Amino acid sequence: MKLIIQIPCKDEAEQLPATLADLPRELPGFDSIEWLVIDDGSTDRTIEVARAHGVEHIVRLTNNKGLASAFQAGMDAALKLGADVVVNTDADNQYQGADIAKLVAPIIAGTADMVIGDRDVLSIEHFSPLKKRLQRLGSRVVRAASSTDVPDTTSGFRAYNREAALQILIVSRFTYTLESIIQSGKQLIALDHVPIRTNPATRESRLFPSMWSYVRRNAVSIFRIYTQYEPLRVFLTVAGVLLLAAFGVWVRFAVAYVQGNGSGHVQSLILGAVLFNAGVVVGALGVIGDLLSAQRTMIQRTHERVRRIELQLGVKPSHYEALGEPPAPAASVASGSAPEHTEPPTGATSEAADS
Ligand SMILES: Nc1nc2c(ncn2[C@@H]2O[C@H](COP(=O)(O)OP(=O)(O)O)[C@@H](O)[C@H]2O)c(=O)[nH]1
Ligand SMILES: [Mg+2]
């Protein structure tokens, strides 16, 4: 069994040494533990620092793609590097390396495909009371949307087995934490959570420069992801409200009409018609959304199978730099997570190897 611990990084040269020093190199149940840093267009010495501290694998995105894209690139690479279990942790030493044993335990026991570290948000000292309340509210919404019981939905400290890693396909560019939970709730991925500890904050969050941006981005993400997965429910609810309002206004007109004052309430008649039309249109959007959602499920299943085939074929990870290897030639780093040739272009590689 191989465990790969992946760390998405954007300009983390300062924090990375302490984070890496805390990571385990041996754990019961694993023959090997390797580290993978996904460098998301850092402009500092993140890569050199990672190398100097023993990171075996680097996925180097050419420019800043955002945490969700980096996470997805990391999962893809970890699978192709032969990981049986992938653990994701943050570069800022927020989580304690010793807790990785707790994270992987349910996976080794075969009782979960994906395990989320629960920080017990209420007990984190550097979170303001408002942030704690928002966290709890957000987590409640995600639990309802995903039909799961994950207490800490924005935790980045997680373990995935191969099946979970193969199935999860993040579309959102900004957050993977919420989408992966909602997706797991809808797919054949068994979720579990374990209590974990956190270290005092080493710096401010880079993902959320302010409380307002935290609320706005998470609220928008939850709404968009929920609508992607449950379009019929969302749109039909809105359509129901509009139709109900339309009938309410029409009843008002009908009462006035019966009382002989119909001409004084023509506005109600028109407003009712407008609301009715809007309700029908929104309902139709729900039906279209539902069809798209079914398409998405099909595409996702196809994608999962493509991944399995890629692994069998031995396709190499994209944007990948192994220890001691020269940087990948430009031609092979140009295309997102698209499959690549199993052999790097020979000319460029041998030239680089000679030098
Ligand atoms: N790939 C990628 N990772 C990022 C980016 N911004 C932050 N991160 C990483 O995401 C993790 C969490 O970031 P952090 O600033 O600690 O946010 P927090 O989770 O709110 O504390 C760290 O490992 C960061 O290096 C980014 O733009 N791209
Ligand atoms: Mg942090």
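Residues numbered from 1 in each chain as written. Chains lettered and ligands numbered in written order. Predicted model: local features only at pLDDT ≥ 70, side-chain atom pairs only at ≥ 80, totals over all residues.

Draft legend 1. Looking closely at the environment of G286. Within the element layout of this structure, G286 appears in helix α10 (residues 266-313). Sequence-distant contacts of G286, that is, excluding residues within four places in its chain, are made with P231, L232, F235, L236 and A239. (Helix = DSSP H or I, 4+ residues; strand = E, 2+ residues; numbered from the N terminus. Contact = placed C-beta atoms within 7 Å.)

Draft legend 2. Structural detail: unusual backbone geometry. Of note, N93 is a non-glycine position whose phi angle comes to about 60 degrees, a positive value. Within the secondary structure, N93 sits in the loop between β4 (85-88) and α4 (100-108). According to the C-beta neighbour criterion, N93 is buried, with 23 such atoms within 10 Å. The backbone of S147 sits at a positive phi, close to 50 degrees, despite the residue not being glycine. Tracing the sequence through the fold places S147 in the loop between α5 (129-146) and β6 (158-161). Here S147 falls in the exposed class, since 9 other C-beta atoms lie within 10 Å of it. (Buried ≥ 20, exposed ≤ 12 C-beta atoms within 10 Å, placed from the backbone.)

Draft legend 3. Structural view of the site of ligand 1. D40, A70, A91, S205 and R206 are the nearest of the 20 residues found near ligand 1. Elements that contribute at least two residues to the shell around ligand 1 include exactly β1 (2-9), β2 (32-40) and α3 (67-80). For the shell around ligand 1, the element with the most residues is β1, which contributes three residues. For the shell around ligand 1, the per-class residue count stands at nine nonpolar, five polar and six charged. (Near = placed C-beta within 6 Å. Nonpolar A, V, L, I, M, F, W, Y, C, P; charged D, E, K, R; others polar.)

Draft legend 4. Spotlight on the domain arrangement of the protein chain. On domain assignment, one finds that the protein chain holds domain 1 (2-229) and domain 2 (231-301). Here domain 1 and domain 2 have C-alpha centroids that lie 41 Å from each other. Between domain 1 and domain 2, the contact holds five residues from the first and four residues from the second. Of the residues assigned to the side of domain 1 that touches domain 2, the class counts are three nonpolar, two polar and no charged. (Domains from an automatic or database assignment.)

Draft legend 5. Main features of the confidence of the model for the protein chain. Mean pLDDT for the protein chain: 88, with 91% of residues reaching 70 or above. Considering only residues more than four positions removed or in separate chains, one finds that residues 330-355, a stretch of pLDDT under 50, has 30 contacts. (pLDDT = per-residue confidence, 0-100.)

Draft legend 6. Examining helix α8 (residues 211-229) more closely. Here α8 is 19 residues long and its end C-alpha atoms lie 27 Å apart, about the 27 Å a rise of 1.5 Å per residue gives. Listing the buried residues of α8 in full gives N218, S221, I222, I225 and Y229. For α8, the arc enclosing every buried residue in end-on projection is 100 degrees, short of the 170-degree limit, so these residues lie on one face. For α8, the exposed residues lying more than 90 degrees away from the buried face are W212, S213 and R216. Looking at the packing, one finds that the buried side of α8 touches α5, α7 (177-186) and α10. (Expected span 1.5 Å × (residues − 1). Arc of directions from axis to C-beta.)

Draft legend 7. Quick look at the packing of α7 against α8. Contact geometry of α7 with α8 gives a least axis separation of 10 Å together with a crossing angle of 25 degrees. Judged on the interaxial angle alone, α8 and α7 are roughly parallel. In the packing of α7 onto α8, the handedness of the crossing is right-handed. In this structure, α7 uses L178, E179, I182 and K186 to contact α8, whose residues at the interface are S221, I222, I225, Y226 and Y229. Taken together, the residues that form the contact of α7 with α8 break down as six nonpolar, one polar and two charged. (Axes fitted to C-alpha atoms, helices over the stretch in contact; angles between N-to-C directions. Parallel < 35°, antiparallel > 145°, perpendicular 65-115°, else oblique. Left-handed = near helix turned anticlockwise from the far one by under 90°.)

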